[in-house]
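# Geometric and topological summary
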Amino acid sequence: HTLQVTVCLIKLLEGPHNTGDQPRLTIRDWELALMAVLLHDSGYLKTNDDRIGTGAKYTLRHELRGGDFVRNYLPDLGVIDSEIDDICSAIFCTGPQSKLGQNIFHREEARLLASFLVTADCLAQMSAADYLDKLPILFLEFQEAYDFEQVAPAHRDYRQLDELFAGTPDFWENYVRPLLDRDARGVHRYLTTAGQPNLYLQAVEANVAEVRRRLQLSAGRT
């Protein structure tokens with residue numbers, strides 16, 4: 001997943017570079033963006049003495065844990081505090097309760113980097129050819145996180161795999177797509193080249209359409 005997101009992010013970074021849109025990103029901004037994407041899921045990492053379960057148990061708090069990891073790891077690589085703030089802000093915005101639209105950034109370049117990371121994270125995951133096949137694994141990860149956080153069954157978003165599967169079209173149309181269009185300022189437009197469709201959006205729509213097809217088949221059998 002991290003490598004898929006990295007590829008998408010690079011394509012996004014090339015957009016304003018090719019069009020001349022403002023703000024113009026420096027070489028250092030590109031480096032910060034790469035640090036952010038490579039570390040954006042570092043909050044799933046377990047410590048050496050953590051012997052229980054998998055890193056999935058940290059799903060509901062992995063952005064905060066990722067921020068802690070970044071603040072401990074990057075100073076030794078010469079990354080200064082203000083740059084680490086930019087990276088952490090971008091990582092925090094990738095969570096399921098993303099506050100990208102409400103977050104305060106100290107410079108416009110940092111907001112753009114966060115928009116790129118959030119967009120790449122969402123599109124790379126949901127456009128993957130095996131996205132639907134991985135939903136059962138995603139469901140188990142949610143369950144492990146719910147159990148770890150002691151979330152009562154009544155307060156869980158998904159109590160059965162069927163709920164996660166059936167909720168995919170609504171998740172895309174009423175949460176992810178508005179997030180990308182509004183809060184992330186539609187930077188996915190940089191993935192559309194002249195005369196060509198946006199292959200990432202096209203792949204997500206195909207996955208959502210396949211969900212609907214399977215749901216209709218299932219309903220027809222009952």
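Worth saying up front: this structure is predicted, and the values here are computed from it rather than measured. (Residues numbered from 1 in each chain as written. Predicted model: local features only at pLDDT ≥ 70, side-chain atom pairs only at ≥ 80, totals over all residues. Heavy atoms only, no water.)

So, on to the packing of aromatic side chains. In this description, an aromatic ring pair is defined by two values, namely the gap between the centres and the angle between the planes. Under the criterion given, the structure shown has six aromatic pairs. Arranged with centres 5.4 Å apart and planes meeting at 80°, the rings of tyrosine 58 and phenylalanine 148 form a pair that is edge-to-face. Taken together, the residues tyrosine 58 in the loop between helix H2 (27–39) and helix H3 (62–73) and phenylalanine 148 in helix H6 (residues 135–149) connect sequence positions 90 residues apart. Exposure remark for tyrosine 58: the relative accessible area of 9% places this residue in the buried category. Members of the aromatic cluster, joined through ring pairs, are Phe142, Tyr146 and Tyr158. A cation over an aromatic ring shows up here: arginine 65 above the ring of tyrosine 58, its NZ or CZ 3.7 Å from the ring centre. Residue placement shows arginine 189 over the ring face of tyrosine 190; its charged tip is 4.7 Å from the ring centre. (Phe/Tyr/Trp six-rings, centres within 6.5 Å; stacked < 30°, edge-to-face > 60°. Helix = DSSP H or I, 4+ residues; strand = E, 2+ residues; numbered from the N terminus. Buried < 20%, exposed > 50% of the residue type's maximum accessible area, 1.4 Å probe, protein only. Lys NZ or Arg CZ within 6 Å of the ring centre and 35° of its normal.)

Looking now at the side chain of histidine 188. Assignment of secondary structure puts histidine 188 in the loop between helix H8 (168–183) and helix H9 (199–221). In this structure the side chain of histidine 188 is engaged in a polar contact, spanning 2.7 Å, whose partner is the side chain of aspartate 181. Contacts of histidine 188, omitting those with residues within four sequence positions, involve Leu12, Thr119, Leu123, Arg177, Leu180, Asp181, Asn198 and Leu201. (Polar contact = N/O pair within 3.5 Å; in protein donor to acceptor, adjacent residues only side chain to side chain. Contact = heavy atoms within 4.5 Å.)

A separate point is helix H4 (residues 81–92). Spacing of three or four residues puts side chains on the same side of an α-helix, whose turn is 3.6 residues. Taking 1.5 Å of rise per residue, 12 residues should cover 16 Å, and H4 covers 16 Å from first to last C-alpha, within 8% of that figure. Taken together, the buried positions of H4 are occupied by Glu83, Ile84, Asp86, Ile87, Cys88, Ser89, Ala90 and Ile91. Tucked inside the fold, the buried residues of H4 contact H2, H3 and helix H5 (108–127). (Expected span 1.5 Å × (residues − 1).)

Here we take up a nonpolar patch on the surface. A cluster of nonpolar side chains, Leu45, Phe69, Tyr73 and Leu77, forms an exposed patch at the surface whose accessible area comes to about 380 Å². Taking the relative accessible area as the measure of exposure, tyrosine 73 reaches 40% and is therefore partly exposed. (Patch = residues over 30% accessible without salt bridge, like charges linked within 9 Å, V, L, I, M, F, W, Y side chains within 5 Å. Areas by Shrake-Rupley, 256 points an atom, 1.4 Å probe, with all protein chains shown as cover. Salt bridge = Lys/Arg side-chain N within 4 Å of Asp/Glu carboxyl O.)

When the charged atoms of two side chains lie near each other, side chains of opposite charge can form a pair. For the structure shown, the criterion picks out 16 salt bridges. Here arginine 177 ties to aspartate 181 by a salt bridge, and the two come within 3.1 Å at their closest N and O atoms. Within this pair, arginine 177 and its partner aspartate 181 are both found in helix H8, separated by four residues, close to a single helical turn. Several salt bridges share partner residues, and in doing so they unite Asp29, Asp86, Arg107 and Glu109 into one network.

Residue proline 23 follows glutamine 22 across a cis peptide bond; omega there is 0°. Note that proline 23 resides in the loop between helix H1 (2–19) and H2. We note that glutamine 150 has phi near 55°; this positive angle belongs to a residue other than glycine. Along the chain, the position of glutamine 150 falls in the loop between H6 and helix H7 (161–166). Accessibility expressed as a relative area gives 74% for glutamine 150, which makes it exposed.

With that settled, consider empty space enclosed by the protein. Within this structure, the stated rule accounts for one cavity of 30 Å³ or more. Computed from the structure, the largest cavity encloses a volume of approximately 50 Å³. As for the largest cavity, its lining consists of Leu9, Leu32, Ala33, Ala36, Val37, Asp86, Ile87, Ala90, Leu113 and Leu117. Going through the elements one at a time, H2, H4 and H5 are the ones with two or more residues in the lining of the largest cavity. (1 Å grid on protein atoms, 1.4 Å probe; cavity = no way out; pocket = protein on both sides within 12 Å on 5 of 7 lines; lining within 4 Å. Points joined across faces, edges and corners; volume = space filled by probe spheres on them.)

The next thing to look at is the layout of surface pockets. Here the second largest pocket is characterised by a volume of approximately 280 Å³. Contributing to the lining of the second largest pocket are 14 residues, with Lys11, Tyr190, Leu191, Thr192 and Thr193 lying nearest its centre. Contributions of two or more residues to the lining of the second largest pocket are made by H1 and H9. The element best represented in the lining of the second largest pocket is H1, accounting for five residues.

What follows is about the side chain of threonine 59. With respect to the secondary-structure elements, threonine 59 resides in the loop between H2 and H3. Apart from the residues within four sequence positions on either side, threonine 59 is in contact with Tyr44, Glu141, Phe142 and Ala145.

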